[in-house]
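Chain by chain, the residues:
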Amino acid sequence: MDPQRTPTHPLSRRQFLANAASFAGTALAPAILLPGCQKRAAVVTADDFSGTVLRAGRFSAAPDGRSREVWGYNGQLPGPVIRVKDGEKVRFKVVNELGDVSTSVHWHGMHQPGTWTMDGVEDVSRSPIPPGSSFIYEFTATPPGTHWYHSHVGVQYGNGLFGPLIVEEPTPIATYDRDEIVFLTDWFLEAGDVLLARVLKGMEMKMPMKDKMDMKEMKRDLGDVPFQSALINGKGRAPGDTTSPLAVLEVKKGETVRLRLINGSSTYQLRFRVDNHPLTVIATDGAPMEPVAVDNLVINVGERFDVLLKADQDGAHWVRAATLDGKEARAVLRYAGATGEPESAPAHWGEHALKPDEMKSRAPVVLAERPKEISLLLGGSMMPYRWSVNEQFFPKADPIALEKDESIRFHFRNPTGMDHPFHLHGHYFHVLGKPGALNLKDPVQKDTVNVPAKEELVIQWKANNPGRWFFHCHIEWHLAAGMARVVEIKPY
Ligand SMILES: [Cu+2]
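The next subject is the overall build of the protein. The secondary structure content of the protein amounts to 3 helices and 30 strands. Per-residue burial for the protein yields a buried fraction of 47% across its 492 residues. Looking at the protein alone, contacts between residues at least 24 apart form 79% of all its contacts between residues at least 6 apart.

Attention now goes to the pairing of strand β2 (residues 68–73). Relative to β2, strand β1 (residues 52–61) runs antiparallel, the two being bridged by 6 bridges. Considered in β2, the bridge of Gly57 is made with Gly72. Hairpin geometry of β1 and β2 is characterised by an intervening segment of 6 residues between the two adjacent antiparallel strands and by a positive phi of about 90 degrees at Gly65.

Another aspect to go through is unusual backbone geometry. With an omega dihedral of 0 degrees, the bond running from Met383 to Pro384 counts as a cis peptide bond. Mapped onto the elements of the fold, Pro384 is located in the loop between β20 (372–382) and β21 (385–389). Cis peptide bonds are those with omega within 30 degrees of zero, and the linkage from Phe394 to Pro395 qualifies with 10 degrees. Within the fold, Pro395 resides in the loop between β21 and β22 (400–403). Despite not being glycine, Gln112 has its phi angle at roughly 50 degrees, a positive value. Within the secondary structure, Gln112 sits in the loop between β5 (106–108) and β6 (134–140). Overall, the presence of 24 C-beta atoms within 10 Å leaves Gln112 in the buried class. For Asn390, which is not glycine, the phi dihedral falls at a positive 50 degrees.

Pairing between the strands of a sheet comes from backbone hydrogen bonds, and it takes one of two forms, parallel or antiparallel. One open sheet accounts for 6 strands, arranged β10-β9-β12-β17-β14-β15; its pairing is mixed. Strands at the two margins of the open sheet, each flanked by one partner only, are β10 (229–232) and β15 (287–294). Within the sheet, the average angular offset between the axes of one strand and its neighbour, ignoring direction, is 25 degrees. Relative to strand β17 (residues 304–310), strand β12 (residues 256–263) runs antiparallel, the two sharing 7 bridges. Bridging from a neighbouring strand, Val257 pairs with Leu309 of β17.

In spatial order, the strands read β11-β19-β18-β13-β16; together these 5 strands make up an open sheet with mixed pairing. Two strands close off the open sheet at either side, each with one partner strand: β11 (248–251) and β16 (297–299). Within the sheet, the average angular offset between the axes of one strand and its neighbour, ignoring direction, is 25 degrees. Where strand β18 (residues 316–322) meets strand β19 (residues 328–335), 7 bridges bridge the pair, whose relative direction is antiparallel. Bridging across to β19, Val319 finds its partner in Ala331.

Here we take up the confidence of the model for the protein. Of all residues in the protein, 86% have pLDDT values of 70 or greater, and the mean over the chain is 89. Between residues 1–47, whose pLDDT stays under 50, and residues either more than four places distant or in other chains, the model counts 62 contacts. Counted against residues more than four places away or in other chains, residues 204–218, with its pLDDT under 50, gives 19 contacts.

Another aspect to go through is the environment of Trp71. Tracing the backbone shows Trp71 in strand β2. By C-beta crowding, Trp71 is classed as buried, having 24 other C-beta atoms within 10 Å. Sequence separation between Trp71 and Leu161 is 90 residues; the distance between their C-alpha atoms is 5.8 Å. If sequence neighbours within four positions are ignored, Trp71 has contacts with Ala56, Arg58, Leu98, Gln156, Asn159, Gly160 and Leu161.

Further remarks concern the environment of Leu354. By secondary structure assignment, the location of Leu354 is in the loop between β19 and β20. With 21 C-beta atoms packed within 10 Å, Leu354 lands in the buried category. Sequence separation of Leu354 and Val281 is 73 residues, and the distance between their C-alpha atoms is 8.5 Å. With residues near it in sequence (within four places) discarded, Leu354 still touches Val281, Val292, Val294 and Leu297.

Let us now look at the environment of Leu54. Relative to the helices and strands, Leu54 is located in strand β1. By the C-beta count within 10 Å, which is 23 here, Leu54 ends up buried. Sequence separation of Leu54 and Glu97 is 43 residues, and the distance between their C-alpha atoms is 10.0 Å.

Procedures and definitions
Residues numbered from 1 in each chain as written. Predicted model: local features only at pLDDT ≥ 70, side-chain atom pairs only at ≥ 80, totals over all residues. Helix = DSSP H or I, 4+ residues; strand = E, 2+ residues; numbered from the N terminus. Buried ≥ 20, exposed ≤ 12 C-beta atoms within 10 Å, placed from the backbone. Contact = placed C-beta atoms within 7 Å. Pairing = 2+ DSSP bridges. Axes fitted to C-alpha atoms, helices over the stretch in contact; angles between N-to-C directions. pLDDT = per-residue confidence, 0-100.

Take a look at the structure:
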């Protein structure tokens, strides 16, 4: 074992909060410093840039009918739609107008070939953008497909610092008339750092008698923060609200629409369905897959799915996104000429939910025969509240050191009571499935995969993009409490 391994004795509450504060990019020094990239972000003035500018700022809004301070880009929720072409050299200027905190933008899904320092992860890719400063991100947009962008500092993005990033395919992957973005996100009245503090405190109060709770004893748990509401394209209704405007997707009878589904939540996986409309799944995380016709599909935090919807009905129909215990957000699919909202009716999800083993790559797959095997044991405790990979808690965790072009097999074991959606930056991986039933023939490519509670999962990938890449659970509270590693691919 590595001599640097972090001792497993629990942190005191004070130490934990200090670490959390450091994550939130507040008063404390960055937790880690990088060789060659400690430099502060460059400051540019308004007139040396023409192109897309994202201004990260705070504004008041009531997206689910309850007013709060939203942190967002350009005063919008979600942030502006960015559409670029595959292979295009892009430049985005990000201006930090948040006031007293640093920020960054991670381009979730972009592989950043040769530009790992543009990946936007706080203190992994580079130092974040200080308050009042700006930074120009410059990279080649690839791979094509449905992606998103969000802050990668502390637990900021759940406050609204997210938006869709679409990279157009050079040749169409399906036949359809047009596309629509459907950006899903859970939504809370309180700011991320307030919720994080409550997660720590609340869990302690729930379980005062136990010094350390083994997650194996817990039944499956859907979220660390109680669900409040969710938004579809920035609109929703908190419980009891029946009048706040909902997002409307207008369709014409006879057309086929590609829905670009993005789950930009901080906490909850969401089941998606359009009443009376089966969906054909054609891509995930940007990568084309063999089409699968479904009634509904679960989208984990950080994941994207592209689905085709054939508009062959009339009137108005509910678009639903619900937690696995049925707490629901809605939008309206409305045919030209129709008005109003559908009748209120309970969800009928249909029989066919997309299953992980139905997802197969459309492109031919060649897997290396003797990949390097790396075991990843996921763990967690409630007191102190923290989450681990191989019993280490980021940032006090060893990097996963790899050589360029090594083939890697990650074997996840998740004995905890929660699902963990893991995201690997800078690469695709193939999802081989559960041990004993690996798909070595046509496994789908993804960049974010759910590791279900009490299960094991194997993925394989090639470390062909040198750099320091983040690899982590995308649930904000798990990431902030240690469930992350840096994957270091040398030479970079
Ligand atoms: Cu997690």
